Amino acid sequence: RKELGGDEFVGRILHFDSVESTMPIAHREAQEGAADGTVIIAEEQTSGKGRLARPWTSAAGKGIWMSVILTPDIPPHKAPQFTLIAAVSVCRAIRETAGVEARIKWPNDLLAGGRKVTGILTELQADPDRVKAIIIGIGINVNQDPGDFPESLQPIATSLKIQSGQKVDRAKLAAGVLRRLGECSRLYLEKGFPPIKKMWEEDAITIGRRVKAVTVRETLTGTAVGITEEGVLELRLDDGTIRGIYSADIELQD
Ligand code: BTN
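Remember, it's a predicted structure, so these values are computed and weren't measured experimentally.

Conventions used here
Residues numbered from 1 in each chain as written. Predicted model: local features only at pLDDT ≥ 70, side-chain atom pairs only at ≥ 80, totals over all residues. Near = placed C-beta within 6 Å. Helix = DSSP H or I, 4+ residues; strand = E, 2+ residues; numbered from the N terminus. Nonpolar A, V, L, I, M, F, W, Y, C, P; charged D, E, K, R; others polar. Contact = placed C-beta atoms within 7 Å. Pairing = 2+ DSSP bridges. Axes fitted to C-alpha atoms, helices over the stretch in contact; angles between N-to-C directions. Core = buried A, V, L, I, M, F, W, Y, C linked by C-beta atoms within 7 Å. Buried ≥ 20, exposed ≤ 12 C-beta atoms within 10 Å, placed from the backbone. Domains from an automatic or database assignment. Expected span 1.5 Å × (residues − 1). UniProt positions renumbered as here; feature names shortened; annotations may be inferred. Arc of directions from axis to C-beta.

(A) Layout of the site of the ligand. The ligand sits among 21 residues. The nearest are Ser21, Gly50, Gly119, Gly137 and Gly139. Those elements that provide at least two residues to the shell around the ligand are helix H1 (22-31), strand E2 (38-49), strand E3 (55-58), strand E4 (63-70), strand E7 (115-126) and strand E8 (131-141). For the shell around the ligand, a count of residues per class yields seven nonpolar, 10 polar and four charged.

Okay, structure coming up:
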């Protein structure tokens, strides 16, 4: 706890050399009653999971691959707000610790130099009326060189080392992320969603931009104007109507 910054938010830290994915381990720990702020972190994931059942490349010693268990007393429909809390926390910790200007691309990718540097995956354990645990999976590409990424990812992925030109201390960055996550969770529980929404919109690259949103049903083009309390992206279409986008891949148009 001390080593990771002495913040009281950080609970037990389970550190592994190699796992398939930190997500199922976190689910098991949560089911067994893990405390708020429990962290599962691995040097390597052999089968890392991304959103929409995509794989997540997690090379040994090159990044931060971790799942954080949170147990806020909130109804399940508010859980997506914690994805936004996580995005803001990681974005700010990256800026503070690595000096890299990361930006949030809705819903929760972080880009640096226009390429993906971090992915966030939120999963839930809940009763109909109460959240039991939120598992926030955070994958940060830290010290990869361009050749460390599989060829298919090379045009779209980047690392903090590539962006800053120097190696980044992973322990310091992990501590920064957890400290920020603790601060933002507390802010949210005390003041509600508005201050988080403000921080998210400050850090987002999506807002005010023309985007193409590819959903399972359709492709929409318009200007991203903001997010709602539920983290839904609001798109102003060319005919002036506002559409809420719940789940999509977003391409920035200009
Ligand atoms: C995405 O952008 O699709 C989300 C990627 C999330 C990756 C992290 S790494 C730690 C945790 N364990 C996993 O298997 N996935 C998440």
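(B) Representation of the environment of threonine 228 within the structure. Here threonine 228 is to be found in the loop between strand E10 (219-227) and strand E11 (233-237). Separated by 147 residues in sequence, threonine 228 and glutamine 81 place their C-alpha atoms 9.7 Å apart. Once residues within four sequence positions are removed from consideration, threonine 228 is found in contact with Glu234 and Gly244.

(C) The arrangement of the sheet that holds strand E12 (residues 242-245) in detail. The five strands are arranged E12-E11-E10-E9-E13 in an open sheet whose pairing can be described as antiparallel. On the outer flanks of this sheet lie E12 and strand E13 (249-252), each paired with one strand and no other. Sheet twist, expressed as the average angle between the axes of neighbouring strands with direction ignored, equals 45 degrees. Pairing geometry for E10 and E11, over five bridges, is antiparallel. Within E11, the residue paired with glycine 222 across the bridge is leucine 237.

(D) Summary view of the nonpolar core. Counting residues in hydrophobic clusters, the biggest one holds 68 residues, and the most contacted among them are Ala87, Val90, Leu110 and Ile138. The element that contributes the greatest number of residues to this core is helix H2 (residues 80-98), accounting for 11 residues. If you count residues domain by domain, this core takes at least three from each of domain 1 (13-203) and domain 2 (210-252). Residue contacts for isoleucine 138: discarding those within four places in its chain leaves Ile64, Met66, Val68, Ala86, Val90, Thr118, Ile120 and Val177.

(E) Representation of helix H4 (residues 170-191) within the structure. Relative to the 32 Å expected for 22 residues at 1.5 Å per residue, H4 spans 31 Å between its end C-alpha atoms, a close match to the ideal helical length. Here H4 has its buried residues at Leu173, Ala174, Gly176, Val177, Leu178, Arg179, Arg180, Leu181, Gly182, Cys184, Ser185 and Tyr188. Buried positions along H4 lie against E2, E4, H2, E8 and helix H5 (194-203). Phi for glycine 192, located one or two positions after H4, is positive at around 85 degrees.

(F) The arrangement of the UniProt feature "binding site: biotin" (unreviewed entry) in the protein chain in detail. Per the UniProt annotation, the sites labelled "binding site: biotin" (unreviewed entry) are Gln45 and Lys116. Of the residues examined, glutamine 45 has 25 C-beta atoms within 10 Å and is grouped as buried. For glutamine 45, the contacting residues outside a window of four places in its chain are Val19, Glu20, Ser21, Thr22, Ser58 and Trp65. Positionally, lysine 116 belongs in strand E7. Overall, the presence of 16 C-beta atoms within 10 Å leaves lysine 116 in the partly exposed class. Excluding residues that lie within four positions of it along the chain, lysine 116 makes contacts with Asp109, Leu111, Ile156, Ala157 and Thr158.

(G) Spatial organisation of H5. Residues of H5 that are buried: Ile196, Met199, Trp200 and Asp203. Summarising the axial view, the buried residues of H5 lie within an arc of 100 degrees, below the 170-degree limit, and thus occupy one face. Relative to its buried face, H5 has exposed residues pointing more than 90 degrees away, namely Pro194 and Lys198. In the core, the buried residues of H5 are packed alongside H2, strand E5 (103-105), H4 and E10.

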